[in-house]
Amino acid sequence: MAKGPKKSVGTPEKAAMTAPAKAPAPAKSKAARPAKAAASAAAAPVEKKKATPRKAPAKVAAGSGAKVGKKAEVPAVTPEQRYRMIQDAAYFIAERNGFVGDNHAYWLQAEQAIDAELAGR
């Protein structure tokens, strides 16, 4: 008596564990296609895409107000933004020192560093 494949009961994961491993199907070559499909594929015209020429980017006139070769203007920092920057810098300075020491000294160091950075802009 020939045995058929086992029917699994339960979840798909259990079925995958109990199912015998299948060998991968061999790759089909173009010669194995049915003659009808091959004939219709050969008869279909092949459309080629037309190459569209690319346009060069527009050039900016000299007096148009565009800044060429100059650094972009950096907006001014508000007092609230400066305060937050100093606050973050003071925290990281204190963290580097293990949060041991004078908090006021950390704040002053952070103020000096941030003010020097903002002056360099």
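Each chain carries its own residue numbering, running from 1 in the written order of its sequence. Only residues with pLDDT of at least 70 get local features here, since the model is predicted, and only at 80 or more are side-chain atom pairs given and counted; chain-wide, interface and lining totals rely on the full set of residues. Processing note: side-chain calculations cover all non-hydrogen atoms of the structure and skip hydrogens and water entirely.

What is the right way to read the overall build of the chain from this model?
Counting secondary structure elements, the chain contains four helices and zero strands. When the elements of the chain are put in sequence order from the N terminus, they spell out α-α-α-α. Taking the contacts inside the chain whose residues are at least 6 apart along the sequence as the reference set, 42% of them involve residues at least 24 apart. Method for areas: the Shrake-Rupley scheme with a 1.4 Å probe, in which residue coverage is limited to the protein chains shown. Counting every atom, the chain has about 11,900 Å² of accessible surface; 60% of that belongs to carbon and sulfur. Labels follow the DSSP assignment, with helices taken as runs of H or I lasting at least four residues and strands as runs of E lasting at least two, numbered in each case from the N terminus. Whether two residues are in contact is decided by their heavy atoms, any of which lying within 4.5 Å being enough.

Looking at this model, I keep getting lost on the pattern of salt bridges. Mind explaining?
Side-chain pairs of opposite charge can arise whenever the charged atoms involved come near each other. The rule for a salt bridge is simple: a side-chain nitrogen of Lys or Arg has to be within 4 Å of a carboxyl oxygen of Asp or Glu. Per the counting criterion, the structure on display carries two salt bridges. In this structure, R82 and E111 form a salt bridge, with 4.0 Å as the shortest nitrogen-oxygen distance. Remark: E111 occurs in helix α4 (residues 103-119) and R82 occurs in helix α3 (residues 79-96); sequence separation between them is 29 residues. Only protein chains enter the area calculation, which uses a 1.4 Å probe; residues under 20% of their type maximum are buried, those over 50% are exposed, and those in between are partly exposed. Judged by relative accessible area, which is 29%, R82 ranks as partly exposed. Through salt bridges that share partners, R82, E111 and D115 make up one connected network.

Explain the environment of I114 to me, please; I cannot follow it from the model alone.
For I114, the position within the fold is in helix α4. Spatially, the C-alpha atoms of I114 and A89 are 7.8 Å apart, while their sequence positions differ by 25 residues. Once you skip the residues sitting within four places of it in the chain, I114 turns out to touch M85, I86 and A89.

Would you mind going over α4 with me for this structure?
Each α-helix winds once per 3.6 residues, and so residues spaced three or four apart point in a common direction. Multiply 1.5 Å by the residue count of a helix minus one, and that product is the helix's expected span. Its 17 residues give α4 an end-to-end C-alpha distance of 24 Å, which sits within 8% of 24 Å, the value for a rise of 1.5 Å per residue. Turning to α4, its buried residues are Y106, A110 and I114. End-on view of α4: buried residues confined to an arc of 60°, all on one side of the axis. Opposite its buried face, α4 presents the exposed residues H104, Q112, A116 and A119, each directed more than 90 degrees away. Where α4 is buried, its residues contact α3. The arc refers to the directions leading from the helix axis to the C-beta atoms.

Would you mind showing me how to read the nonpolar core here?
Each nonpolar core is a collection of buried residues, namely Ala, Val, Leu, Ile, Met, Phe, Trp, Tyr and Cys, held together in the definition by side-chain atoms within 4.5 Å. I86, A89, A90, I93, A94, Y106, A110 and I114 together form the largest nonpolar core, which totals eight residues. Breaking this core down by element, the ones donating at least two residues are α3 and α4. Counting residues per element, this core draws most heavily on α3, which supplies five residues. Setting aside residues up to four positions removed in sequence, A90 forms contacts with Y106, W107 and A110.

Help me understand a nonpolar patch on the surface, please; the structure alone is not making it clear to me.
For patch building, the residue pool is restricted to those with more than 30% relative accessible area and no salt bridge; the joining distance is 9 Å between like charges and 5 Å between nonpolar side chains (Val, Leu, Ile, Met, Phe, Trp, Tyr). A grouping of Y91, F92 and F99 is seen on the molecular surface, where their side chains present a nonpolar patch of about 340 Å² in accessible area. Structurally, the position occupied by F92 is in helix α3. A relative accessible area of 46% places F92 in the partly exposed class.

Nothing here speaks to function; it is geometry throughout.
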